[in-house]
Every structure is written in C-alpha cells, then in structure tokens.
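What follows is the residue order along each chain.
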Protein chains: 2
Amino acid sequence: MTMLNIRYEKTTAPKELPKEDNPLKFGTIFTDHMFIMNYETGKGWHDARIVPYAPLSLDPSAMVFHYGQEMFEGLKAYKTEDGRTLLFRPNKNIERANNTNRRICIPEIPEEDFLDAIKAVVKTDEAWIPTKPGTSLYIRPFVIATDPFLGVRPSDTYMFIIILSPVGAYYPEGLNPVKIWIEDEYVRAVKGGVGEAKTGANYVASLAAQVKAHDDGYSQVLWLDGVERKYIEEVGAMNIFFKINGTVVTPKLNGSILPGVTRNSVIELCKTWGVPVEERKISVDELYEASNNGSLEEVFGTGTAAVISPVGHLRFEDHVMQVSDGGIGELSQRIYDTITGIQLGDIEDTFNWTVEVK
Amino acid sequence: MTMLNIRYEKTTAPKELPKEDNPLKFGTIFTDHMFIMNYETGKGWHDARIVPYAPLSLDPSAMVFHYGQEMFEGLKAYKTEDGRTLLFRPNKNIERANNTNRRICIPEIPEEDFLDAIKAVVKTDEAWIPTKPGTSLYIRPFVIATDPFLGVRPSDTYMFIIILSPVGAYYPEGLNPVKIWIEDEYVRAVKGGVGEAKTGANYVASLAAQVKAHDDGYSQVLWLDGVERKYIEEVGAMNIFFKINGTVVTPKLNGSILPGVTRNSVIELCKTWGVPVEERKISVDELYEASNNGSLEEVFGTGTAAVISPVGHLRFEDHVMQVSDGGIGELSQRIYDTITGIQLGDIEDTFNWTVEVK
Ligand SMILES: Cc1ncc(COP(=O)(O)O)c(C=O)c1O
Ligand SMILES: Cc1ncc(COP(=O)(O)O)c(C=O)c1O
C-alpha cells in the first residue's frame, strides 16, 4: 500500500473503542497506534514504524522542552456512509508542515512519505473513526527536537510522530454563534516572527489573552497586528471572515497569520459561487463602521476543528459589535454544509479535495 | 537543611565525574541527580523529590510538545578556592521564572521552595562542580506542561525539574571579541508578546536568523525591535551594552527583551563606580554615527553563560561597524573581572549577590 517502508508492531492490548453514544471530548482519547519516524543529521529521516500508542521517553535536556523547536499539524479523516475513509486536503497540511519546518529549522519531510505515513496509521486504526454526524478522526502529526543539549541551535535529531484522536462534533448543539474578544494588550505574532508557522510559540503566546477573554465570558480571542495594533489578524485557532455589504472579506496572508486550509477552501468556494471575496487589510474601525451602518452581515471563523464558527458578537475595549441578528448567516450555513458534505462524501467533490485511504 | 519536604532517591549507578583536563562542552554533560516536583490543579505543587537523572516519560499528546507551554531559567554554582559553593543572585532568576510563569499561565512556584530545591540538588551533586578557572555548574530549572490533551488552554498539570551540567569556560581561549550580525528580516519578539519571558517561543523564533548569521561567519544575532525595526533589542542569549563617549548605554526594558541578571549586575556595578549608565532606546543609526565619529568605545554582551562577551564588530545589511580597535575594552575587562571575582569568592561581595549552599 505504501512506498514508505514502515515497520509494524501491533498492540497486544487493544483499548476498548469509545461508545458511540458518549460525547467524544475533543483531543482526550487516543487510538491504539501511532506513527513514528526519526531524524538524525547525516542519516536523514529513518526507521518509519507504527507502534502501540505509548509514552515517549526523552532526556530532560531534550531541546523541545527548552527551546520550543516543535511543529504540529491538524487534519481529519471522515467515514462516508458507504464505509470509505476520506482525508480532507492532506497535501495542504503537508505543504504547510514543511513551511513550518523550514521556518524553524526542522528538516523537511518528503511529501509522499508524509502522506503515506498518515494513510498507514489511519488505516491501522480505521476502526476508531467514529460515524455519528459531526464526528471524525482528528489526525495530529508533529515533530519535536530531541538533542539532549542545552544551547540554542537547531537540533540534530528529531522525532516525527502522528497520533489519532476520535472527536465529536465541535459544537454538539450544532452551529452556534460564538462571542469573540478583540485583544488590545497582548500580541500573538508579528511579521518577521513565526506567526505563519504552526509551532507552539504562537499558542503559548496566546494563553494569557485567552484566559482573560474566558473570564469575561468570551470563547475566543481575535488578534490584532503587532505593529499598528489596528488590523484584524485571526482567531486563536481559526481564520476569520466578514461579509460586509455582500462582499466576503478576510485578512490577507501577511506573514503573521496561519494560512488555514479551511480559509483557502472557503475562498475557493466563494469564487466558484460568484460571491465576491477579498483578501486584504481590515481595521477594527472598518468593522465598527460596518456594524454601525448595518452592513456587517456575517462573521465566521474557519478551522479544521469546527469547520465554520459563526460569530454572534465581537467586543473591542468597551464596545460590543452585534453581528446582524446574532444568528447564523445564510452564507456561513451554506459553506458549512458544502464543506462538511464534501468531507463526508455526501456532496460531489468537484474540487478533488478528498483523498481516500485504501 | 531545607523547608521544602524533599524525598531523596539516590542513584545506585553513579556516573564517572568528567576528567578535569577534558574541555567541558557547554550543556552536554549532566550530573547524577535531578530535582522534580509536580503540579496539579487543586493539589498545587507537590511530591518534591531528588531522583537519579533519567529520561522523562510523557504522553505523546502532552501539551508541551504541541503548544510550547514551557519556562526555563539558567544560573550557575561556583566552587570557591576555600571549597564553598556559591550561587550568583539566584533570587533574581527565581523572580524572573515566576514572571515568565505568570505570562504563560504556569502556576507560580513559591520562591523559598524554588531556592530550597536549587540548593538541595546542587548540594546532592556538589562533587560535580568543576574547579578549573572559568568552569562552573550550570543550573537549569524548567517547567513543562504535561496534560495529555490536544487543545489550546493552560495545562492543569506540570513538572518542575532542575538539571545540572558542569560547564567549561564559555570562551576557552579567554575573552575574545565576537562578531555580531544585526538582523533585518526576522524578528524575535514584539511588545505584547512573550519576549520578556524565558520561554521556548523566543528561542525557536531565533533559529533561522542564527543559522543565516553563522553561515556568514557571525557567531551571534543582534535583534531589532519588531515594530519600527530600527531600535536595538538584545543578542540571542545576551543583553547588549555600548560605551559611547564615556557613557554606558543599554536598551531599556520595554516588554520585548529579557531582563538579564547579568545586565542588572553590570548596571549596578557601573553606578557604584560612577560610570554614567543609561537605559534607553538606541537606534542602529546612532550606532553608525558613533562608529563613524569614533565615539563607539566598547560593545559587549552580558549573560550567565559567558558573563561578558566583547563585541569586535557589528554588521547591518552591507555595513560593517568596527568597534574601536576590535580588542577588549577596558571597562568590559573590569566588569568581567569583578563579576567573576565575586562569583568565585575572590573579591568581597559588597552587593550581597552570592548565596552559599550549605
Ligand atoms: C492559529 C490558527 N489559525 C487558523 C487555523 C485554521 O487552520 P485550518 O483551517 O488549516 O485548520 C488554525 C487551526 O489549525 C490555527 O491554529
Ligand atoms: C534572550 C536572552 N537575553 C539575555 C540573556 C542574559 O540573561 P542573564 O544575564 O540572566 O543570563 C539570556 C540568557 O539568559 C537570554 O536568553
């Protein structure tokens, strides 16, 4: 099945599959196996293997614990009604992973090997893919720097690991508008930094603002640019879209925001549908104005976890902007239905976005 | 000896001490024991123990591998000629550790417990403190987030660990001026971010520029501010000082640079000596001018690893600025001799900077 030479060591103590009726709390349950491959300078990536899911044993001086040299990705596998297993645009994640790798000096992973590895481990634990509406198998590939060395330089050894987690619907009650906090004190990332890479640095930087927002009853933080502090960047783990006066607007990829796979899919869908879409700078002031004059029709976040998250209202400092009637916009719903339909094989995949695991 | 209730599990297989004649490569050799303490929400910090140095076993989904929630510190223990063991300003590191912890949502560690832990583990492996000139025992306290959970939020569990590494003189050939590369493309940190915290994020962000600088024959990167891209921030793992026309100038703590312990010691020394010292913004242009008109008398980095690193020349884009005659400045040497003299107990510690491990 695979070009990559993978050694298999199957578990002798398979875990019980989660009961279909229990809600699957995101990111808490892991399957029976994981994929691992090592890197060593001079030797390259080697020893690809699928082994029982188990703790990693690392020297306390392993660089990942100290200097944050770590890359991760997130994508999903879905079970179709006719029993096929589909991945959604895995090549986009693989491409982004290697962009991250380059930015943080981790050796690249050959794209085909990466895809083979995902397919092989998903195939191995295929029985773990849940089938209830809204559920899927979350796939988490990541690389960590493992040199036992205290000093700042790129590591000479790495582990590339893929773990799998069956996940429930992100919003068990269905698409529900969320409240978003526009952050004016903390900054997530800045041009020249690692904002466009998927690496721990951007997430640790976001925690304090997230705690502040939660304490105030907001579920997500919307970041502003770190230079002028007035242009919209993205949400903690989602890109953001605004429908203003019939036009869909989203921040341009500028070096400090993550190029989301869902973001890209939404843009392609809008283009296909003839919905005008613009990638450009959007200031908080523009949002105020649109919200005040009634032209802010829809706001939604995009990301692998929830696909589409409608935003009901945004707060910046002491101002609250209500989005239209605070419900779910027509376009948001249409995009959600289309993307999830393609992911589940219910809608014809004219874009060739899905990849079957055979 | 200690207020903190520490459980001891001594190694049954002590390693051989490094030969005094071998150069101790920085950060590669670790002692027989380490300190560990766990945290759990609701339970607080608990189970303080000194155990044999050994690999850590962590779930592949442990948050530290994905979201970079990790704090570290670095300080040193020195052996005096009369056999005492001295720490240099450990309370400064402890205070900074808790500042980092607060910024990245790690629970604080009680200051006295922190100091007790350092003393206890250093005492345990006291035989590992090297005694040759310039050598010391590097102490690396760090905290990692250990929740087995894929999702962005502060962890509910942590490990606080202290490991020890005997280290040689940072510059085995003595104080030698280094060449510094002023970075104009990448950015290390920005106000509102985590630049003033000692966390992996700042170091992973620095790797690409460091590789670029090394490839060009420069040993260190000097960062500019992320907003205007013209003010001096700090070096990869050092703060930076300039002596211009008799006045010592160093960038003001602005939220994006690390408040170095050595930096603070240098400022205090200068004040005591009556050397004028200013903490303020310094632009690259000002450096050019000073270098051109001959008023750039000395440049040096400050940090725990090397104490003082004289800088012989700086490069920004296509311009190279030579610092005075490219040798070691008088003040640089005096500061180096004084601080290392105090650290080793050779010079009277009128500042009360050293803390004895009894
Ligand atoms: C910071 C950030 N922005 C945006 C996204 C959305 O990207 P994608 O659509 O590829 O999941 C994510 C999640 O992956 C993210 O972590
Ligand atoms: C980014 C950075 N700046 C400055 C310093 C110097 O700080 P200190 O003098 O406390 O070692 C360090 C090293 O600790 C550092 O990592």
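Source: prediction; values computed, not measured.

**Quick notes on the packing of aromatic side chains**
Okay, so step 1: Scanning all chains against the criterion turns up 31 aromatic pairs over all chains.
Okay, so step 2: The interplanar angle of 80° and the centroid separation of 5.4 Å between the aromatic rings of A:Y67 and B:F72 together place this pair among those described as edge-to-face. In this pair, A:Y67 is assigned in helix 1 (residues 64-67) and B:F72 in strand 5 (residues 70-72), connecting two distinct chains. Both residues of the pair, A:Y67 and B:F72, count as buried.
Okay, so step 3: Between A:F351 and A:W353, the ring centres sit 4.1 Å apart and the planes meet at 10°, which makes this aromatic pair stacked.
Okay, so step 4: For A:F351, a relative accessible area of 22% translates into the label partly exposed.
Okay, so step 5: A relative accessible area of 4% means that A:W353 is categorised as buried.
Okay, so step 6: An aromatic cluster of three or more residues is present, and its members are A:F35, A:Y39, A:W45, A:F114, A:Y158 and A:F160.
Okay, so step 7: Taking the ring centre of B:W273 as reference, the NZ or CZ of B:R334 above it sits at 3.7 Å.

**A short note on the site of ligand 1**
All names here are of chain A.
Okay, so step 1: The immediate surroundings of ligand 1 are formed by 16 residues, with Y203, E234, V261, T262 and T304 found nearest.
Okay, so step 2: Contact between ligand 1 and K198: an oxygen atom at 2.8 Å from a side-chain N or O atom of the residue.
Okay, so step 3: Separating an oxygen atom of ligand 1 from a side-chain N or O atom of T262 is a distance of 2.6 Å.
Okay, so step 4: Within the shell around ligand 1, the residues separate by chemical class into five nonpolar, seven polar and four charged.

**Re the domain arrangement of chain A**
All names here are of chain A.
Okay, so step 1: The assigned domain composition of chain A is domain 1 (7-167) and domain 2 (178-343).
Okay, so step 2: Each partner contributes residues to the interface: domain 1 has 20 residues there, and domain 2 has 20 residues.
Okay, so step 3: Summed over both partners, the interface of domain 1 with domain 2 buries about 1,700 Å², with 57% contributed by carbon and sulfur atoms.
Okay, so step 4: A per-residue breakdown of the area domain 1 buries against domain 2 is headed by F72, F88 and R96, which together make up 35% of the total.
Okay, so step 5: Counting every contact that joins domain 1 to domain 2 gives one salt bridge.
Okay, so step 6: With its nearest N and O atoms 3.7 Å apart, the salt bridge here joins R89 to E268.
Okay, so step 7: Elements represented by at least two residues in the side of domain 1 that touches domain 2 include exactly strand 5 (70-72), strand 6 (75-79), strand 7 (85-88) and helix 2 (90-103).

**Observations concerning the pattern of salt bridges**
Pairs can form between side chains of opposite charge once their charged atoms are near each other.
Okay, so step 1: For the coordinates displayed, the defined rule picks out 44 salt bridges over all chains.
Okay, so step 2: With its nearest N and O atoms 2.8 Å apart, the salt bridge here joins A:E279 to A:R263. Residue A:E279 is located in strand 15 (residues 277-279), and its partner A:R263 is located in helix 6 (residues 261-273); the two are separated by 16 residues in the primary sequence.
Okay, so step 3: You can call A:E279 partly exposed: its relative accessible area is 34%.
Okay, so step 4: The exposure class assigned to A:R263 is buried, which follows from its relative accessible area of 4%.
Okay, so step 5: For B:E297, the salt bridge is made with B:K243, and the minimal N-O distance between the two is 3.2 Å. With a gap of 54 residues between them, B:E297 in strand 16 (residues 296-303) and B:K243 in strand 13 (residues 239-244) connect regions that are remote in the sequence.
Okay, so step 6: Sharing partners across several salt bridges, the network here consists of A:R7, A:D47 and A:R49.

**Details of the site of ligand 2**
All names here are of chain B.
Okay, so step 1: Neighbouring residues of ligand 2: 16 residues in total, closest Y203, E234, V261, T262 and T304.
Okay, so step 2: The separation between an oxygen atom of ligand 2 and a polar side-chain atom of R96 is 2.8 Å.
Okay, so step 3: Between ligand 2 and the protein, one listed contact pairs an oxygen atom with a side-chain N or O atom of K198 at 2.8 Å.
Okay, so step 4: Protein burial of ligand 2: of its 380 Å² of free accessible surface, 96% is covered by the chains.
Okay, so step 5: Where the shell around ligand 2 is concerned, the elements lending two or more residues are helix 6 (261-273) and strand 16.
Okay, so step 6: When its residues are assigned to classes, the shell around ligand 2 shows five nonpolar, seven polar and four charged.

**Some details on helix 5 (residues 207-215) of chain A**
Okay, so step 1: Along helix 5 of chain A, the positions that sit buried rather than exposed are A:L207, A:A208, A:A209, A:Q210 and A:A213.
Okay, so step 2: Residues of helix 5 of chain A that are buried sit in contact with strand 10 (178-182), helix 4 (200-204) and strand 11 (220-224) of chain A together with helix 2 (90-103) of chain B.
Okay, so step 3: A positive phi of about 90° marks A:G217, the residue just after helix 5 of chain A.

**Let's talk about the confidence of the model for chain A**
Okay, so step 1: Here chain A shows a mean pLDDT of 95. Residues at 70 or above account for 99%.
Okay, so step 2: For this predicted complex, the interface score ipTM comes out at 0.97, alongside a pTM of 0.97.

**Digging into the environment of A:A54**
Okay, so step 1: Counting through the fold element by element, A:A54 comes out in the loop between strand 3 (44-52) and strand 4 (56-58).
Okay, so step 2: Residue classification places A:A54 among the partly exposed positions, given a relative accessible area of 28%.
Okay, so step 3: Other than its neighbours up to four places away in sequence, A:A54 contacts A:M34 and B:P60.

**With respect to the UniProt feature "modified residue: N6-(pyridoxal phosphate)lysine" (unreviewed entry) in chain A**
All names here are of chain A.
Okay, so step 1: Residues annotated by UniProt as "modified residue: N6-(pyridoxal phosphate)lysine" (unreviewed entry) correspond here to K198.
Okay, so step 2: Mapped onto the fold, K198 is located in the loop between strand 10 and helix 4.
Okay, so step 3: Excluding residues within four positions of it along the chain, K198 makes contact with E70, M71, F72, E73, G74, R96, T100, Y203 and L258.

**Describing the relation of the copies chain B and chain A**
Okay, so step 1: When chain B is fitted onto chain A, the two copies agree to an RMSD of 0.0 Å after a turn of 180° and an axial shift of 0.0 Å. When the rotation and shift are considered jointly, the pair of chain copies conforms to a two-fold rotation axis.
Okay, so step 2: The residues that chain B uses at the interface reappear at the interface of chain A in 100% of cases, marking a shared surface.

**What to know about the interface of chain B and chain A**
Okay, so step 1: Between chain B and chain A, the residue contacts involve 59 residues of the former and 59 residues of the latter.
Okay, so step 2: Interface area, chain B with chain A, both sides summed: about 4,800 Å², of which 65% is carbon and sulfur.
Okay, so step 3: Per-residue buried area on chain B facing chain A is highest for B:P60, B:F65 and B:L150; these three make up 14% of the total on that side.
Okay, so step 4: Linking chain B with chain A are zero salt bridges.
Okay, so step 5: Taken together, chain B and chain A are joined by 20 residue pairs in polar contact (both at pLDDT 80 or more).
Okay, so step 6: Looking at the side of chain B that touches chain A, the elements that each hand over two or more residues are strand 4 (56-58), helix 1 (64-67), strand 5, strand 8 (136-145), helix 4 (200-204) and helix 5 (207-215) of chain B.
Okay, so step 7: In terms of residue class, the side of chain B that touches chain A is made up of 36 nonpolar, 14 polar and nine charged.

Definitions and limits used
- Residues numbered from 1 in each chain as written.
- Chains lettered and ligands numbered in written order.
- Predicted model: local features only at pLDDT ≥ 70, side-chain atom pairs only at ≥ 80, totals over all residues.
- Heavy atoms only, no water.
- Phe/Tyr/Trp six-rings, centres within 6.5 Å; stacked < 30°, edge-to-face > 60°.
- Helix = DSSP H or I, 4+ residues; strand = E, 2+ residues; numbered from the N terminus.
- Buried < 20%, exposed > 50% of the residue type's maximum accessible area, 1.4 Å probe, protein only.
- Lys NZ or Arg CZ within 6 Å of the ring centre and 35° of its normal.
- Near = heavy atom within 4 Å.
- Polar contact = N/O pair within 3.5 Å; in protein donor to acceptor, adjacent residues only side chain to side chain.
- Nonpolar A, V, L, I, M, F, W, Y, C, P; charged D, E, K, R; others polar.
- Domains from an automatic or database assignment.
- Contact = heavy atoms within 4.5 Å.
- Buried area = accessible area lost by both parts, 1.4 Å probe.
- Salt bridge = Lys/Arg side-chain N within 4 Å of Asp/Glu carboxyl O.
- Areas by Shrake-Rupley, 256 points an atom, 1.4 Å probe, with all protein chains shown as cover.
- pLDDT = per-residue confidence, 0-100.
- UniProt positions renumbered as here; feature names shortened; annotations may be inferred.
- Least-squares fit on C-alpha atoms with pLDDT ≥ 70 in both.

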